[in-house]
Amino acid sequence: MYPDSLFLGLTLYDIFILVGVVAAFLLADRMTVKSGFSVTLQKIVIVCALSCVIVGYGSAVLFQAFYNIKEEGKFVIDSGTGATFYGGLIGGAAAFLLIYFLAGRRFCKDNEAVKRFPDMLDIGACCVPLAHAFGRIGCLMAGCCHGAETDAWYGIPMKIGGVYKKMVPVQLFESIFLFILAAVLIVLFFKNKGKHKFPLMPVYCVGYGIWRFFIEFARTDDRGNTFIPFLTPSQLIALLLIVVGVVYFLLWFFKLRKKVENETK
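Here's a quick rundown of the structure. Per-chain numbering applies: the sequence of each chain, read as written, is numbered from 1 onward. Whole-chain, interface and lining totals are the exception, using all residues; otherwise, since this is a predicted model, local features are given only for residues with pLDDT of at least 70 and side-chain atom pairs are given and counted only at 80 or more. Calculation of side-chain values draws on the structure's entire complement of heavy atoms; hydrogens and water are dropped beforehand.

Details of the overall build of the protein
Inclusion rule: Only runs of H or I of at least four residues qualify as helices and only runs of E of at least two qualify as strands under DSSP, and these elements are numbered from the N terminus. Any residue under 20% of the maximum accessible area for its type is buried, any over 50% is exposed, and the rest in between are partly exposed; the area is computed with a 1.4 Å probe on protein chains only. For this analysis, residues touch if any pair of their heavy atoms sits within 4.5 Å. In these tables, accessible area is a Shrake-Rupley quantity obtained with a 1.4 Å probe, and a residue counts as shielded only by the protein chains included in the view.
Each helix and strand counted, the protein has nine helices and two strands in total. Going from N to C terminus, the protein has its helices and strands arranged as α-α-α-α-α-α-β-β-α-α-α. Out of the 265 residues in the protein, the part that is buried amounts to 41%. Taking the intrachain contacts of the protein between residues at least 6 apart in sequence as the baseline, contacts between residues at least 24 apart amount to 70%. For the protein, the accessible area works out to roughly 14800 Å², and carbon and sulfur atoms hold 71% of it.

Structure below.
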């Protein structure tokens, strides 16, 4: 029912991730035009995005491989299970930021890359949940995420430990939530006008962080522990996302208030 690979070593998970990445690319390109990025900065963003995907996928594979060492005691590189979201996000984001600022300072005029970085964060806030949503669908279709116990496409009763349980299709719920979140952020992006534009990155961080924290309670498999015993790794990262979102919003708010005060003087 769930083939390890279809062709060229690609699983359904990989294919859906690639579809999501292409959709995010097209969306980001449209958003850079809407935001008034120069042609030079648009080209830099494309290069950064490609580098982000390549480095991000590599770091995701390594992330999963080292996780396998911890759990199974062996180092295995497997593209089918390697596209771990957080591992890919960390490596991809690092590559994007490094190239964006280095190339931006080298090739853009008037410090455009730095000035446009808040807009770039807004674009990222829209694109990440869109690509992630396709990845969640890939998990459902390929059955390659977190094992058979959470592989309940239709919530069919499954025998676990000698007991039949009706599994909650967490991946289905999460893909729906991410598509809705992406749609809301995209609409806000194209309607968010004026010199005091509301930042979208806090909306993504806080919104997804809250969702991710509570959806973990619906899972039935062992999600692992962290240095905080009652939190799973995903819940800990969810709390970090919420903190980042709140801090970003506060920085924007106080900067805006100071700017408004200066304008009224």
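Here's the deal with the packing of aromatic side chains
Worth spelling out the cut-off: For Phe, Tyr and Trp, where Trp contributes only its six-membered ring, two rings pair if their centres lie within 6.5 Å, and the inter-plane angle classes them as stacked under 30 degrees, edge-to-face over 60, or tilted in between.
Overall, the coordinates contain 14 aromatic pairs when judged by the stated rule. Taken together, a centroid distance of 5.3 Å and an interplanar angle of 80 degrees make the contact between Phe189 and Phe190 edge-to-face. For Phe189, a relative accessible area of 5% corresponds to the buried category. On the basis of relative accessible area, Phe190 is assigned to the partly exposed category, the value being 28%. Ring geometry for Phe253 versus Phe254: centroids 5.5 Å apart, planes at 75 degrees, classification edge-to-face. Judged by relative accessible area, Phe253 falls into the partly exposed class, the value being 34%.

Description of the pattern of salt bridges
Operational definition: A carboxyl oxygen of Asp or Glu within 4 Å of a side-chain nitrogen of Lys or Arg is what we treat as a salt bridge.
By the definition in use, this model includes three salt bridges. Note that Asp119 is salt-bridged to Arg116, the shortest N-O span being 3.2 Å. A relative accessible area of 10% means that Asp119 is categorised as buried. In this structure, Glu174 and Arg212 form a salt bridge, with 2.5 Å as the shortest nitrogen-oxygen distance.

Quick look at unusual backbone geometry
Even without glycine at this site, Asp110 takes up a positive phi of about 55 degrees. One can find Asp110 in the loop between helix H4 (85-107) and helix H5 (112-115). Looking at Asp110, the relative accessible area reads 64%, which means it is exposed. Even without being glycine, Asn111 reaches a positive phi, approximately 55 degrees. Topologically, Asn111 is positioned in the loop between H4 and H5.

Quick look at helix H1 (residues 12-34)
Inclusion rule: Multiplying 1.5 Å by the residue count of a helix minus one yields the expected span of that helix.
Between its terminal C-alpha atoms H1 stretches 33 Å, which fits the 33 Å expected from 23 residues at 1.5 Å a residue. Listed as buried for H1 are Tyr13, Asp14, Gly20, Val21, Ala24, Leu27, Ala28, Met31 and Thr32.

Observations concerning the nonpolar core
Inclusion rule: Here, nonpolar core refers to any group of buried Ala, Val, Leu, Ile, Met, Phe, Trp, Tyr and Cys residues whose side-chain atoms link them within 4.5 Å.
Counting residues in hydrophobic clusters, the biggest one holds 36 residues, and the most contacted among them are Leu41, Tyr100, Met120, Ile123, Cys126 and Tyr204. Contributing elements (two or more residues each) for this core: H1, helix H2 (39-72), H4, helix H6 (117-142), helix H7 (170-191) and helix H8 (201-215). Ranked by residues supplied to this core, first place goes to H6 with 11 residues. Discounting chain neighbours no more than four positions away, the residues touching Ile123 are Ala28, Met31, Thr32, Phe37 and Phe189.

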